[in-house]
Amino acid sequence: MKKFLCNISALMTLLLGFTACAPTEVDDVFDESAAVRLDKAIVTYRSYFADKGGKWVMQYFCNENEPGYAFVVTFSDNGSVTVAGDNKYIGGYRSDVSLWDIVADNGPVLTFNTYNRVLHTFSDPADIPDTSTRETGRGHEGDYEFMVMATTDNSCVLRGKKTGYTIIMNRLDSGIDDQEYMTAVTNRINSSFSSKIDSLYLETGAGVRFVVKNAASQVMSFYPYGKDAVTLTEKQNCVVTPGGIRFLFPLDFVQDHDRQQEIAIQNFAFQPDGTLLCTDDGKTRIVADPLATIFTNGATWNTAKETLGGNFLTLYEQIEQEIPVVFKNSSFGGFSLTFNKKTEKLTMRFLSGRNAKTAGNIYFDLNRVDDNTFRLSIDTSDDSYGDNNGRQHYTRVESFKKLVDLLTSADFTLSADNVMCPNPMKATSKANADDVMTLTF
């Protein structure tokens, strides 16, 4: 050991000797000192963030156990900043004004240096009121100071000083209204993910498939399709913007390391049909079950008179008129459709218009013709085709019987603007394109 230390000492002496004799040409590389360069960078970044109206969307993460949050941040060159968000921790939509600056640290740092009720909620060490865990002293554990890592004209990469998380900000047009933008974020979340959709699927460019659970929470669970969910589940949180989603970390568990596939799987863009395409590799997708599978997943699909078309609307209006004649003091309040996985029957539940309670049920056999098509049938020679009230309505109300017959008269094609969360979804008769039911859950 002593010999080793002596050798190290000799080496250090030798290196110091070389250093003392080395020419002092560093000034040829940097004409200005580090302090001067940092001062100039601070001035540049103050102008940069406030430029072009100073409006940005921040993709913010405070920890790994809750979703990311989108904030609209508007920097003014007078040192004020407006932060707008929409989430339960700030009471829905809220906008607040505070101060901002660029300060010197180990490089330029963007700081929100007075309390902002939107942003600082996530760095406040107070206990989070709606959880069973005591977070006093930690809170959400988020940042309010960010090191500036890289910039382009319309995008910048920040790193939280406390968490080390990468935070992306993208420039927005100065004319965008903060609340309208946040409403667009909320609408995108609600129209893309639902707790009533059993599963989504991540399909890699290499053909590997993962089941995705809990997408509506934005803290998604992934496990390989057909494998054990208990032992192989990975979790990852994401932030949603109108254009797509970004996970806090790349989804390394989906990588095929045997093939040395090392492209980050982290950023996804919404496609016109609502599915998500990874913009990093251009191949990996997040998709949903076919519409016929979603239709039969056990959710209750409601109808509304104003969204029915063709003979469905005509018969609905006739039923409204006929039921009070056949059944005194009764009225018709519409119908819903629910597939029972245990009985493998589709229940048409119809309501009393007076109190919106169930008036009766009709039970159909359902056949999935293909991924987007179903066919209904019914055997009225067997009393099990409906409960007592259902049979009474079928046999005594002619227009109601015609509605049941219409449902069994043709195949129905399912369609939706957003196949990830098809709410609403349309069922269109293949025999008559005017016969349409709009279904919502």
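In this text the structure is predicted, and so the values were computed from the model without any measurement.

1. With respect to the overall build of the protein chain
Part 1: Helix and strand content of the protein chain: eight helices and 25 strands.
Part 2: For a compact globule of 441 residues, the expected C-alpha radius of gyration is about 22 Å, and the protein chain comes in at 30 Å, more than 25% above that figure.
Part 3: Each principal axis of the C-alpha distribution contributes one length, and for the protein chain these read about 110 × 55 × 45 Å.
Part 4: The proportion of buried residues among the 441 residues of the protein chain is 43%.
Part 5: Contacts in the protein chain between residues at least 24 apart in sequence constitute 49% of all its contacts with a sequence separation of at least 6.

2. Digging into the sheet that holds strand β19 (residues 332-340)
Part 1: Pairing is antiparallel across the open sheet formed by eight strands, whose spatial order is β18-β19-β20-β21-β22-β23-β24-β25. In this open sheet, the two edge strands, each paired with only one partner strand, are β18 (300-302) and β25 (436-439). Recorded for the sheet is a direction-independent mean angle of 30 degrees between the axes of neighbouring strands.
Part 2: Here β19 runs beside strand β20 (residues 345-352); their pairing, made up of seven bridges, is antiparallel. Following the sheet pairing, phenylalanine 339 is matched in β20 by leucine 346.
Part 3: Contacts from helix α8 (residues 398-407) reach β19, β20, β21 (358-370), β22 (373-377), β23 (412-415) and β25, with the element oriented near 150 degrees to β20.

3. Observations concerning the state of the cysteines
Part 1: Inspection of the entire model under this criterion finds zero disulfides.
Part 2: The thiol of cysteine 62 is not disulfide-bonded; the next cysteine sulfur, from cysteine 238, is found 13 Å away.
Part 3: Using a relative accessible area of 2% as the deciding quantity, one classes cysteine 62 as buried.
Part 4: Cysteine cysteine 238 is unpaired, with the sulfur of cysteine 278 as its nearest cysteine sulfur at 13 Å.
Part 5: Owing to a relative accessible area of 0%, cysteine 238 belongs among the buried residues under this scheme.

Conventions adopted
Residues numbered from 1 in each chain as written. Predicted model: local features only at pLDDT ≥ 70, side-chain atom pairs only at ≥ 80, totals over all residues. Heavy atoms only, no water. Helix = DSSP H or I, 4+ residues; strand = E, 2+ residues; numbered from the N terminus. Rg over C-alpha atoms; globule rule 2.2 N^0.38 Å. Buried < 20%, exposed > 50% of the residue type's maximum accessible area, 1.4 Å probe, protein only. Contact = heavy atoms within 4.5 Å. Pairing = 2+ DSSP bridges. Axes fitted to C-alpha atoms, helices over the stretch in contact; angles between N-to-C directions. Disulfide = S-S within 2.5 Å.

Keep in mind these values describe shape, not function.
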